[in-house]
Amino acid sequence: MSTPDFFRARLDGMVDPRHPLVVLTGRLPWAQIEQVLAPHFDRKARMPGTAVAHDMLGEHEVEFGGGIGSGGRPRLPIRLMASLLYLKSSFNLSDEELVARWSENVVWQFFSGMAYYEPRLPCDATQIGRFRTAIGEEGLEQLLKCTIQTAVEIKAIKPAELERVIVDSTVQEKAIAHPVDSRLLDIARYKVVKAAKAAGIALKQTFAAEGKELRRKAGGYAHAKQFRRLKKVVKRQRTILGVVMREVQRKLDAQVQSVAAGGAPENELPGATVLSALKTVLERAERIRTQQRHDKNKLYALYAPEVECVGKGKARKPYEFGVKVSLAVMHKQGLMVGARSFPGNPFDGHTSAQQLEQTTNLLQDLRRKPKQAIVDLGYRGVDADNPGVEIIHRGKYKTLTALQRRWLKRRQAIEPAIGHAESDHRMDRCWLKGALGDALHAISCAAGYNIRWSMRAILAQAAKAAKAAFLALSKPALYGLNSAMDALINLRDVLSLIRIAQRASLGPPLLTLHAGLTVALH
């Protein structure tokens, strides 16, 4: 293929045009994606600063530094970053693994819009996370929306099939260690000591050696099921954590009172950021110190207060620590048409209205909206919350029609979709920070699932077309004799009619005869 660069070959001449990811590259609406995400990266106007200037006319104020700045490093192409988000969730890779494999894979580079092979990293791995945070939940929903539109464009699904969905929920676990009282208490003590040192507060005793020994003992006693000794160790850990916290709070209050009275503090006062971090650590450490076994709203991780304990009734895993995520898939094909996180561990039925609202927003450009939702018994009693949507579950079995009962038999089709999203598309463990990270991760996993789904659909269409072509070529060989005989008989009949018409001088014009002959031969 011709190229303006004499020393390099273009990627479109190197990749296999039949590869499903190459086919998908030409079907995804990249222009629409860039247009929707571009406003998130517009340069923001800065407030001008003011200063007092003196000149021949006297003293007056002048403004400086206002307007939209033109400096800064040029941003990377939006298509490149969006394609990296697609590939990350599609192939279950970390940011570091993603950029390393991108530099070696010509198909991935072609998918990202590159014209020539680039033997380098596309960007620093940390830039993927910053891009994801910049576009936010709205931008990732647009990426998910484009995968649904692409599935319709390649005719893998029919638009009418989008009106019937299956809705269910799962738990997206957070990347935290299993919460154990002894471990949480020791980490809280360590974090309080570290934050106090950063704030310039000197402690009489940090209990570092004793804390380490107590944590070792707690692990041994728990393993040996010596629960009385374990209870005694945990009680001591609570005590030393309280001692450290009270000393930090006492010295912090003394510094504040000294400054308020006009005196000089013993040490340099910490900055606002350090002071805020110390107060946050103290607050969370107090929650860990005082919480008991049967309390509500417990803290399971010092750095992830949004984590909840969710029980889904699984025999192999009675409790999971993360956030509840609701998913919506097509009833017939299994394409994901919605994914949303719900902090606070709400009842499944209370999530249905918001989940169907998101699905409606994702399908609005296709002029479709869900009309039937097939759910499990956790969604009973939510018909009034979803006007215009028919909620079908097993509790209504006696009143369902025969067609609705057939629909209900496919409710379990969402279970393997959830399993693949967790095992193949990173939904089993969320490494992103905060409740916003949970929401972004859920939508990213759904978009990656749809990309792989579309690739499988393209392969299925290619196999179907190859099968049809094979049958078309083999049919004349199998039935060639009968077809040839039928054609000869039709030709004989047409020629006989032409002779009769010529003898009677009633023959049609020559052009009409040729047309009739062609029709007869076909």
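Predicted model, so just to flag it, every value in this text is computed and none were measured.

Student: Tell me about the overall build of the protein, and please be specific about residues and values.
Tutor: Helix and strand counts for the protein come out as 15 helices and 10 strands. Relative to its full complement of 522 residues, the protein shows a buried share of 41%. In the protein, once contacts between residues fewer than 6 apart in sequence are set aside, the share between residues at least 24 apart is 67%. Summed over all atoms, the accessible surface of the protein reaches about 30200 Å², with 56% contributed by carbon and sulfur.

Student: Can you break down the pattern of salt bridges residue by residue, with the values?
Tutor: Tallying each qualifying case throughout the model produces 24 salt bridges. Across the pair D12 and R10 runs a salt bridge whose closest N-O atoms are separated by 3.3 Å. Relative accessible area serves as the criterion here: at 30%, D12 is assigned to the partly exposed category. R10 sits in the partly exposed class, given a relative accessible area of 26%. Measuring nitrogen to oxygen at the nearest pair gives 3.3 Å for the salt bridge that ties E320 to K314. One network of salt bridges, in which partners are shared, links R8, E118 and R120.

Student: Explain the environment of H178 to me, and be specific about the residues and the numbers.
Tutor: The residue H178 is located in the loop between β5 (164-173) and α7 (181-198) in this model. Exposure remark for H178: the relative accessible area of 57% places this residue in the exposed category.

Student: Could you give me a rundown of the environment of K396, with the residues and numbers involved?
Tutor: Structurally, K396 can be placed in the loop between β10 (390-392) and α12 (402-408). The spatial distance from the C-alpha of K396 to the C-alpha of R380 is 9.2 Å, given a sequence separation of 16 residues. Setting aside its immediate chain neighbours within four residues, K396 contacts D383 and I391.

Student: Give a description of unusual backbone geometry that names residues and reports values.
Tutor: The phi dihedral of K155 is positive, around 65°, even though this residue is not glycine. Take K155: it is sitting in the loop between α6 (125-153) and β5. Look at F207: it is not a glycine, yet its phi comes out positive at around 60°. As for its placement among the helices and strands, F207 is situated in the loop between α7 and α8 (208-223).

Student: So what's going on with the nonpolar core? Residues and values would help.
Tutor: Soluble globular proteins: nonpolar side chains tend toward being buried together. If you look at the biggest cluster of nonpolar residues, it comprises 88 residues, and the most contacted ones within it are Y86 and L143. The biggest single contributor to this core is helix α14 (residues 434-503), with 12 residues. In contact with L143, other than residues within four places in its own chain, are I33, L37, A82, L85, Y86 and I135. Grouped together as the second largest cluster of nonpolar side chains are 29 residues, L184, A188, L214 and V248 included.

Student: Break down the pairing of strand β8 (residues 336-342) for me, citing the residues and quoting the values.
Tutor: Burial of β8 is extensive: six of the seven residues sit out of reach of the surface. For strand β7 (residues 320-330) and β8, the ladder comprises six bridges, and the chain directions are antiparallel. Across the sheet, V329 pairs through a bridge with M336, a residue of β8.

Student: How would you summarise the confidence of the model for the protein if you had to cite specific residues and measurements?
Tutor: Scored by pLDDT, the protein has a mean of 87; 88% of the residues are at 70 or more. Contacts from residues 506-522, a stretch scored under 50 in pLDDT, to residues over four places away or in other chains number 10 contacts.

Student: Requested: an account of helix α13 (residues 414-424), with residues and values cited.
Tutor: If you check which residues of α13 are buried, you get I414, A417, I418, A421 and E422. Buried positions in α13, seen along its axis, are confined to an arc of 130° and lie on one side of it. Residue R426 follows α13 closely and has a positive phi angle near 75°.

Student: Tell me about the packing of aromatic side chains, residues and numbers included.
Tutor: This model, assessed by the stated rule, comprises five aromatic pairs. Both rings, one in W30 and one in F111, keep their centres 5.2 Å apart while their planes meet at 75°; by these two values the pair is edge-to-face. Taken together, the positions of W30 in helix α2 (residues 30-37) and F111 in helix α5 (residues 106-111) put the pair 81 residues apart, joining distant regions of the chain. Residue classification places F111 among the buried residues on the basis of a relative accessible area of 0%. Ring centres of F41 and F131 lie 5.2 Å apart, and the angle between their planes is 10°; this geometry places the pair in the stacked category. Of the two residues, F41 is situated in the loop between α2 and β1 (45-46) and F131 in helix α6; the sequence distance between them amounts to 90 residues. Note on F131: relative accessible area 7%, which makes it buried. An aromatic cluster is present here, built from W30, Y86 and F111 joined pairwise through their rings. For the cation-ring pair, R10 lies above Y116, with the distance from its terminal atom to the ring centre recorded as 5.9 Å. Seen from the ring of Y397, R405 lies directly overhead, with NZ or CZ sitting 4.4 Å from the centre.

Student: Talk me through the packing of α2 against α6; I want residue IDs and the actual numbers.
Tutor: Between α2 and α6, the shortest axis-to-axis distance is 10 Å and the interhelical angle comes to 150°. Here α2 is positioned roughly antiparallel relative to α6, judged by the angle of their axes. In the crossing of α2 with α6, the sense of the turn from one axis to the other is right-handed. Between α2 and α6, the residues in contact are Q32, I33, V36 and L37 and F131, I135, G139, Q142, L143, C146 and Q149, respectively.

Student: Can you tell me about the side chain of Q291, naming the residues and giving the values?
Tutor: Relative to the elements of secondary structure, Q291 occurs in the loop between α10 (272-290) and β6 (308-310). Within the local environment of Q291, its side chain forms a polar contact with the backbone nitrogen of L299, the two atoms lying 2.9 Å apart. Setting aside its immediate chain neighbours within four residues, Q291 contacts L184, R238, K298 and L299.

Student: Would you mind going over the packing of helix α4 (residues 95-102) against α6 in detail, with residue names and values included?
Tutor: Put simply, α4 and α6 touch, their axes get as near as 8 Å, and they point 115° apart. When the interaxial angle is binned, α4 and α6 end up roughly perpendicular. Crossing of α4 over α6 shows right-handed handedness. When α4 is examined against α6, the residues D95, E96, L98 and V99 are found in contact with a partner set consisting of A125, I128, G129 and R132.

Student: So what's going on with the environment of G271? Residues and values would help.
Tutor: Mapped onto the secondary structure, G271 falls in the loop between α9 (227-260) and α10. Sequence spacing of G271 and A198 is 73 residues, and the spatial spacing of their C-alpha atoms is 9.9 Å.

Conventions we followed
Residues numbered from 1 in each chain as written. Predicted model: local features only at pLDDT ≥ 70, side-chain atom pairs only at ≥ 80, totals over all residues. Heavy atoms only, no water. Helix = DSSP H or I, 4+ residues; strand = E, 2+ residues; numbered from the N terminus. Buried < 20%, exposed > 50% of the residue type's maximum accessible area, 1.4 Å probe, protein only. Contact = heavy atoms within 4.5 Å. Areas by Shrake-Rupley, 256 points an atom, 1.4 Å probe, with all protein chains shown as cover. Salt bridge = Lys/Arg side-chain N within 4 Å of Asp/Glu carboxyl O. Core = buried A, V, L, I, M, F, W, Y, C linked by side-chain atoms within 4.5 Å. Pairing = 2+ DSSP bridges. pLDDT = per-residue confidence, 0-100. Arc of directions from axis to C-beta. Phe/Tyr/Trp six-rings, centres within 6.5 Å; stacked < 30°, edge-to-face > 60°. Lys NZ or Arg CZ within 6 Å of the ring centre and 35° of its normal. Axes fitted to C-alpha atoms, helices over the stretch in contact; angles between N-to-C directions. Parallel < 35°, antiparallel > 145°, perpendicular 65-115°, else oblique. Left-handed = near helix turned anticlockwise from the far one by under 90°. Polar contact = N/O pair within 3.5 Å; in protein donor to acceptor, adjacent residues only side chain to side chain.

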